[in-house]
Amino acid sequence: MKIQIERKNNDYLLEAKGSSGNTIMIDHSGMETVQGVSPMELLLMGVGSCSAIDMISILKKQRQEITSYKVAVEGERYLLDDSRPFKSMHVKVMLKGDIHPEKAQKAADLSFEKYCSVSKTFDKQVNISWEVIVD
């Protein structure tokens, strides 16, 4: 896996490009006008989207009909020397459709405990919790 990052202005605006050619804008969250997501937001997005891909895949294989999938990820940070890494993350998955709640919970458990490479990357340093709501 390989990415490229290019500075796009005279401040902190960056364009990151994945091997697929798709791009995302990244910026310093302390700027007056922020034109991209912060690197720390990217980490939360990575956890939320990685688990989403896992859960959607698992539920599709179980023939569960998802009409809406939303996820909110909140991270708690702490001061460590001059940095502020994540201490914990909480993922809230909100599903709509013809979905058995037990299957949705099991899909989330499998994702976070076994499949999601992003959350597994944080395994030893960040406490990641999750909840699933089926409406």
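Data block above holds the structure.
In this report, we go over the structure that sits alongside the text. Since the structure is predicted, the reported quantities are computational estimates derived from the model, not experimental observations.

1. Section: the overall build of the chain
Item 1. Secondary structure summary: the chain contains 3 helices and 6 strands in total.
Item 2. For the chain, the sequential pattern of α-helices and β-strands runs β-β-β-α-β-β-α-α-β.
Item 3. Taken along the three principal axes of its C-alpha coordinates, the chain extends 50 × 35 × 30 Å.
Item 4. Here the chain, with 135 residues, has 29% of them falling under the buried criterion.

2. Digging into the environment of Thr 121
Item 1. Counting through the fold element by element, Thr 121 comes out in helix α3 (residues 117-121).
Item 2. It is 22 Å that separates the C-alpha atoms of Thr 121 and Thr 23, two residues lying 98 residues apart in sequence.
Item 3. Reaching out from Thr 121, the side chain makes a polar contact with the backbone oxygen of Ser 117 at a distance of 2.7 Å.

3. A closer look at helix α1 (residues 39-61)
Item 1. Along its 23 residues, α1 runs 33 Å from first to last C-alpha, staying within 8% of the 33 Å computed at 1.5 Å per residue.
Item 2. Taken together, the buried positions of α1 are occupied by Leu 44, Gly 46, Val 47, Gly 48, Cys 50, Ser 51, Ala 52, Asp 54, Met 55, Ile 58 and Leu 59.
Item 3. Looking at the buried residues of α1, the elements they touch are β4 (65-77), β5 (86-98), α2 (101-115), α3 and β6 (127-134).
Item 4. Two residues or fewer after α1 comes Arg 63, characterised by a positive phi angle close to 60°.

4. Some words on the pattern of salt bridges
Item 1. For the structure shown, the criterion picks out 4 salt bridges.
Item 2. Among the ionic pairs, Glu 15 bridges to Lys 8, the shortest N-O distance being 3.7 Å.
Item 3. On the basis of relative accessibility, which here comes to 40%, the residue Lys 8 falls in the partly exposed class.
Item 4. A salt bridge links Asp 123 to Lys 120; its shortest N-O distance comes to 3.0 Å.
Item 5. Asp 123 gets classed as partly exposed once you look at its relative accessible area, which sits at 40%.
Item 6. One continuous salt-bridge network, built from bridges that share partners, spans Glu 6, Lys 8 and Glu 15.

Rules used in this analysis
Residues numbered from 1 in each chain as written. Predicted model: local features only at pLDDT ≥ 70, side-chain atom pairs only at ≥ 80, totals over all residues. Heavy atoms only, no water. Helix = DSSP H or I, 4+ residues; strand = E, 2+ residues; numbered from the N terminus. Buried < 20%, exposed > 50% of the residue type's maximum accessible area, 1.4 Å probe, protein only. Polar contact = N/O pair within 3.5 Å; in protein donor to acceptor, adjacent residues only side chain to side chain. Expected span 1.5 Å × (residues − 1). Contact = heavy atoms within 4.5 Å. Salt bridge = Lys/Arg side-chain N within 4 Å of Asp/Glu carboxyl O.

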